[in-house]
Amino acid sequence: MPTNPSTHSPHSPDTPLHTLIIDTDPGADDVIALLFAMAAPEALHIQALTTVAGNVPLAKTSRNARLACEWAGRPEIAVYAGAERPLQRTPIYAANIHGKEGLTGVDVYEPATPLAEGHAVDYLVRTLRAAPEKSVTLAMLGPQTNLALALEQAPDIVRGLRELVLMAGAHFNGGNITPVAEFNVFADPHAAEAVLKSGVPITLLPLDVTHKILTSEARIARLRGLGNKAGATVADILDAYAPQEMKHYDMPGGPVHDATVTAYLLRPSLFTGKRIHVEVDSREGMGFGQTVADWYGSLHRTPNATWIVDGDAQGFFDLLTEHIARLP
């Protein structure tokens, strides 16, 4: 039976649960994850957002990240643009799911606050080198290219990292871009390999759990009924985004993949999983980008990640709605 993976210590209202950097490729579900996180300043002390090419090219993911800050009323959060392409493979995008702008259902425009100066990889190296030991949590919502480049450039940055929490991978569920591969890993499997070998504590929220935490008409209506701009924005995004996956997978609702990372950071007790050994297949062929999750320990290799397999769907949507209600 899976066990709750959390070892987070209790915190007072004055002590955030996490000093956090969010690495992201917005993307509909990324924007919802960002709004969710920015609504919890007492628990998540967000240092910056770093962006990567993924769901759409870098210029658009970077703009969408800044839009999320604007919509959350958090323009002070710096957004650093990062890797424009994967480490080795040909770039791929997911405009078929997220639209050519990376967001559907809402108006997209150039936000008032510009990008922060400098490259995301340089920001990660500088910040993690200066951070107290094991103090920074990195939430990763897209391909893991930025961290892989930072680790290659400065392996010593691992000392500043407390943990990595990733929306990545698939095992029991099967993939969402090939029969076996999940998009974030498939988009840069060589980066995912490097991150899994980093030695930093890793938690993976794969399709195995995100496909169990699904929208419903009532859940979206509750968000819309909050009466604020953020609630309407999230509802509009979900109304446009969810039906495609519902149709493709014949599911009763749509997943909100990346927002599970925010929920895990805020309330890990909503999720269950266990420590296992995970490897990435980066060989050309049908298995390219697959996360090989050794759930039953068949390989007898040392566990290197906590693999989440289940979550409380209603608890997730209650938590999401409670936080979106706080925003403008």
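The sections below set out a description of the structure shown in this document. (Residues numbered from 1 in each chain as written. Predicted model: local features only at pLDDT ≥ 70, side-chain atom pairs only at ≥ 80, totals over all residues. Heavy atoms only, no water.)

Now for the overall build of the chain. Check the secondary structure of the chain and you find 12 helices and 9 strands. The C-alpha radius of gyration computed for the chain amounts to 18 Å, which stays within 12% of the reference 20 Å derived for 328 residues, consistent with globular compactness. Expressed as lengths along the three principal axes of its C-alpha atoms, the size of the chain is roughly 50 × 45 × 45 Å. Each of the 328 residues in the chain was classed as buried or not, and the buried ones make up 59%. A total accessible area of about 13,000 Å² is found for the chain, and carbon and sulfur atoms account for 54% of it. With 25 positive and 36 negative side-chain charges, the chain shows a separation of 2 Å between the mean positions of the two kinds. (Helix = DSSP H or I, 4+ residues; strand = E, 2+ residues; numbered from the N terminus. Rg over C-alpha atoms; globule rule 2.2 N^0.38 Å. Buried < 20%, exposed > 50% of the residue type's maximum accessible area, 1.4 Å probe, protein only. Areas by Shrake-Rupley, 256 points an atom, 1.4 Å probe, with all protein chains shown as cover. Lys, Arg positive; Asp, Glu negative; His and termini not counted. Charge placed at Lys NZ, Arg CZ, Asp CG, Glu CD.)

Two elements in contact, helix H9 (residues 217–224) and helix H12 (residues 313–324), have axes separated by 10 Å at closest approach and are oriented at 15 degrees. The pairing of H9 with H12 is recorded here as roughly parallel in orientation. H9 and H12 meet at a crossing whose hand is right-handed. Facing H9, whose interface residues are Arg-219, Arg-222 and Leu-223, H12 presents Ala-313, Gln-314, Phe-317, Asp-318, Leu-320, Thr-321 and Ile-324. Tallied by class, the residues present in the contact of H9 with H12 amount to 5 nonpolar, 2 polar and 3 charged. (Axes fitted to C-alpha atoms, helices over the stretch in contact; angles between N-to-C directions. Parallel < 35°, antiparallel > 145°, perpendicular 65-115°, else oblique. Left-handed = near helix turned anticlockwise from the far one by under 90°. Contact = heavy atoms within 4.5 Å. Nonpolar A, V, L, I, M, F, W, Y, C, P; charged D, E, K, R; others polar.)

With respect to the element layout, Ala-81 can be found in strand E3 (residues 78–81). According to the relative accessible area criterion, Ala-81 is buried, its value standing at 16%. Each C-alpha atom, one on Ala-81 and one on Gly-273, is 32 Å from the other, the two residues being 192 residues apart in sequence. The contacts of Ala-81, once residues within four sequence positions are left out, are Thr-51, Leu-58, Ser-62, Leu-115, Gly-118, His-119 and Ala-120.

A word on the packing of helix H1 (residues 28–38) against H12. Taken N-terminus to C-terminus, the directions of H1 and H12 make an angle of 65 degrees; their axes are 8 Å apart at the nearest point. Overall, the two elements H1 and H12 adopt an arrangement that is roughly perpendicular. In this structure, H1 meets H12 at a crossing whose hand is left-handed. The residues of H12 that touch H1, namely those facing Ile-32, Leu-35 and Phe-36, are Phe-316, Leu-319, Leu-320, His-323 and Ile-324. For the contact of H1 with H12, the residue count by class is 7 nonpolar, 1 polar and no charged.

Next up on the list: unusual backbone geometry. With an omega dihedral of -10 degrees, the bond running from Pro-26 to Gly-27 counts as a cis peptide bond. Relative to the elements of secondary structure, Gly-27 occurs in the loop between strand E1 (18–24) and H1. Unlike most non-glycine residues, His-300 shows phi in positive territory, near 55 degrees. Among the secondary structure elements, His-300 is positioned in the loop between strand E8 (291–294) and strand E9 (305–311).

This part takes up the environment of Leu-207. The topology assignment puts Leu-207 in helix H8 (residues 207–210). In the structure, Leu-207 is positioned 35 residues away from Ala-242 in sequence and 15 Å away in space, judged by C-alpha atoms. What Leu-207 contacts, discounting residues up to four positions off in sequence, is Met-167, Gly-169, Ala-170, Asn-173, Gly-174, Gly-175, Asn-176, Glu-182 and His-257.

Where burial is concerned, most of helix H11 (residues 259–266) is hidden: 8 out of the 8 residues are buried. Turning to H11, its buried residues are Ala-259, Thr-260, Val-261, Thr-262, Ala-263, Tyr-264, Leu-265 and Leu-266.

Taken by themselves, the reported measurements are silent on function.
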